[in-house]
Amino acid sequence: MAAFAHQVLAWSAHDFAHRDRQRVGSSPPAAELAARLNEPAPEHGRPFEEVLTEFIDKIVPAVYRTDHPRFLGFVPSAPSFYAVLGDWLATTLNAFAGIWLEGAGAAQVEEVVLGWFKDLLGYPSSAAGSLTSGGSEANLTALVVARERLSFDDRSRAVLYVSGLRHRSVDRAAAVIGLRPEQVQVLPTDSRFRLPASTLAAAVRRDREEGRLPWCLVANAGATSTGSVDPLRDLAARCRAEGVWLHADAAYGWPAVLTPEGRELLDGLAEADSITLDPHKWLAQPYEAGCLLVREGHQLADAFRQRADYLSDLPDGDAVNFTDRGLALTRRFRALKVWVSVKCHGLGWFRELVVRNCLAAEYARRLLAATGLFQVVSPPQLSILCFRHVPPGRKAGVDELDRLNLRLAEELRATGEAFLSTTRLADRVALRLCFVNWRTTAADVERVVELLAELAGKAEPG
Ligand SMILES: Cc1ncc(COP(=O)(O)O)c(C=O)c1O
């Protein structure tokens, strides 16, 4: 066992230490991968070394390394090695994190980690939470908790408010809990992609007048496309006055509370009734580490708790059974990686990560502007920057510009040196950079801008 484990560790450590010298990854055509990997399940086993080699040769090159310092697309994940080791330990221990009786230590560590998050956010100690697979599960769980306040009759006239910049997992959650499409009301945002409280107020007034029931708002605390943070304090006051549940989707943005600037930007977050916060985004954790916190903690268990004959042995009292706080009974020990890495690094390391990533976004803005080839579409908000290539000295139509920018993103990925993804803002394509990686340096930012400028300089009209 030790020899096998050593091989895995040796590969992992080498791979981890050489990330910045590797290509950013690739995504081969489906037919090519099928030809490489499809086979019937073998009747007889093969030596571990051979299977490990096959993993290294056939699978590793067929993924993008989201922790590469120049992988700046979507919302990346760049785990610290301590977090990776914590996850490995969790796998080996294989503690059952669903019920106290089976995995008390795991449950208590999860409580500790949730307590840390509550402290960082300024959330009350009476809040309760759960580590989820990710933000999508957390958003769904939040809506289930919020729905518990509605009578069965009211459910059909309840309105869910979202901004145009919401993450689409909210739409999926709305569908899963059985809302009709017209019960989800998409509200417009301002020029910085934030939802003004006055827009919510007007929508609530109109809905009441027309016999609908304003029920829940999902606000952005770091929107996926732009990093924009809705005016949370104003929205919270409005929601409280109207009896509307406020769910803050801080899946990406929440670690900014570690810095004074971020704390100011996220002011009011702790007023939300529930918060989604994903450690696997900007807290250097491997997938899967999402999290939901609910301000009045008992509401989580009120929504999910079931008792079954086969669970008659669970102790009563204050021991927490995490299965009472969400969808799953069997849960892995997700909290361990967070616990190990926060204890090994200390919070200062994570604070510096946030500061450096925000500076990287600002540095990218300056460098892009200096080329004269790009226009900023959304200036850095938290650590996300959106921009567009606009060829100087030539009038290009909007559709042509969209095509040009989509092609630019594709060509950048094809270099194997960097990865960025696109979004649509005001119905036009925008290039987007999202910084969450502790590896990314100023030199990486410079290289990405250099590549973009080179490619843009060569671009033919679309
Ligand atoms: C703001 C926001 N909410 C929710 C999600 C969904 O999280 P997950 O992909 O972990 O399910 C994301 C993912 O990028 C996100 O950016």
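What counts as what
Residues numbered from 1 in each chain as written. Predicted model: local features only at pLDDT ≥ 70, side-chain atom pairs only at ≥ 80, totals over all residues. Heavy atoms only, no water. Helix = DSSP H or I, 4+ residues; strand = E, 2+ residues; numbered from the N terminus. Rg over C-alpha atoms; globule rule 2.2 N^0.38 Å. Buried < 20%, exposed > 50% of the residue type's maximum accessible area, 1.4 Å probe, protein only. Areas by Shrake-Rupley, 256 points an atom, 1.4 Å probe, with all protein chains shown as cover. Lys, Arg positive; Asp, Glu negative; His and termini not counted. Charge placed at Lys NZ, Arg CZ, Asp CG, Glu CD. Patch = residues over 30% accessible without salt bridge, like charges linked within 9 Å, V, L, I, M, F, W, Y side chains within 5 Å. Salt bridge = Lys/Arg side-chain N within 4 Å of Asp/Glu carboxyl O. Pairing = 2+ DSSP bridges. Axes fitted to C-alpha atoms, helices over the stretch in contact; angles between N-to-C directions. Near = heavy atom within 4 Å. Polar contact = N/O pair within 3.5 Å; in protein donor to acceptor, adjacent residues only side chain to side chain. Nonpolar A, V, L, I, M, F, W, Y, C, P; charged D, E, K, R; others polar. Core = buried A, V, L, I, M, F, W, Y, C linked by side-chain atoms within 4.5 Å. Contact = heavy atoms within 4.5 Å.

For this particular structure, what's the right way to read the overall build of the protein?
A tally of helices and strands in the protein yields 16 helices and eleven strands. For 462 residues, the compact-globule estimate of 2.2 N^0.38 gives 23 Å, and the C-alpha radius of gyration of the protein, at 23 Å, lies within 12% of that figure. In the protein, which comprises 462 residues, the proportion classed as buried is 52%. Here the protein has roughly 20900 Å² of accessible surface; of this, 55% comes from carbon and sulfur atoms. Separation between the mean location of the 53 positive side-chain charges and that of the 57 negative ones in the protein comes to 4 Å.

Can you walk me through a nonpolar patch on the surface in this structure?
On the surface, a cluster of nonpolar side chains totalling about 210 Å² of accessible area is made up of Leu37, Phe55 and Ile59. Looking at where Ile59 falls in the secondary structure, it is placed in helix α3 (residues 48–59).

Would you mind showing me how to read the sheet that holds strand β3 (residues 184–187) here?
Strands pair in a sheet through their backbones, by hydrogen bonds, and they do so in one of two ways: parallel or antiparallel. Taken together, seven strands build an open sheet; the order of strands is β1-β7-β6-β5-β4-β2-β3 and the sheet is mixed. Strands at the two margins of the open sheet, each flanked by one partner only, are β1 (128–132) and β3. Mean inter-strand twist for the sheet, computed between neighbouring axes without regard to direction, equals 20°. In terms of strand pairing, strand β2 (residues 158–163) meets β3 through four bridges, oriented parallel.

What is the right way to read unusual backbone geometry from this model?
Backbone phi values are negative for most residues with the exception of glycine, while trans is the configuration of most peptide bonds. Residue Glu288 is reached from Tyr287 by a cis peptide bond, and omega for that bond is 0°. Relative to the elements of secondary structure, Glu288 occurs in the loop between α11 (279–282) and β7 (290–294). The backbone phi angle of Ala284 is positive, close to 60°, even though this residue is not glycine. Given a relative accessible area of 1%, Ala284 falls into the buried group. Of note, Leu382 is a non-glycine position whose phi angle comes to about 50°, a positive value.

Can you help me understand the site of the ligand in this one?
Surrounding the ligand, one finds 14 residues, the nearest of these being Gly135, Ser136, Thr224, Asp249 and His280. Contact distances for the ligand include 2.8 Å between an oxygen atom and a backbone N or O atom of Gly135. Take Asp249: an N or O atom from its side chain is 2.7 Å from a nitrogen atom of the ligand. Notes on the ligand: free accessible area 390 Å², of which the protein chains cover 84%. Taken together, the residues that form the shell around the ligand break down as two nonpolar, nine polar and three charged.

Looking at this structure, I do not really get the nonpolar core. What am I missing?
One recurring pattern in soluble globular proteins is that nonpolar side chains are buried together. Phe117, Leu121, Leu217 and Leu269 are the most contacted members of the largest nonpolar core, which has 72 residues in total. Among the elements that make up this core, the one with the highest residue count is helix α5 (residues 100–121) (eight residues). Among the nonpolar cores identified, the runner-up in size contains 28 residues, and Ala142, Leu143, Ala158 and Phe304 belong to it.

Before we go on, may I ask you to explain the environment of Ala174 in this structure?
Along the polypeptide, Ala174 turns up in helix α7 (residues 169–176). Sequence-wise, Ala174 and Leu160 are 14 residues apart; in three dimensions their C-alpha atoms are separated by 8.2 Å. Here Ala174 is in contact with Leu143, Leu160, Leu179 and Val184, once residues within four sequence places are set aside.

Honestly, it's all geometry; don't read function into it.
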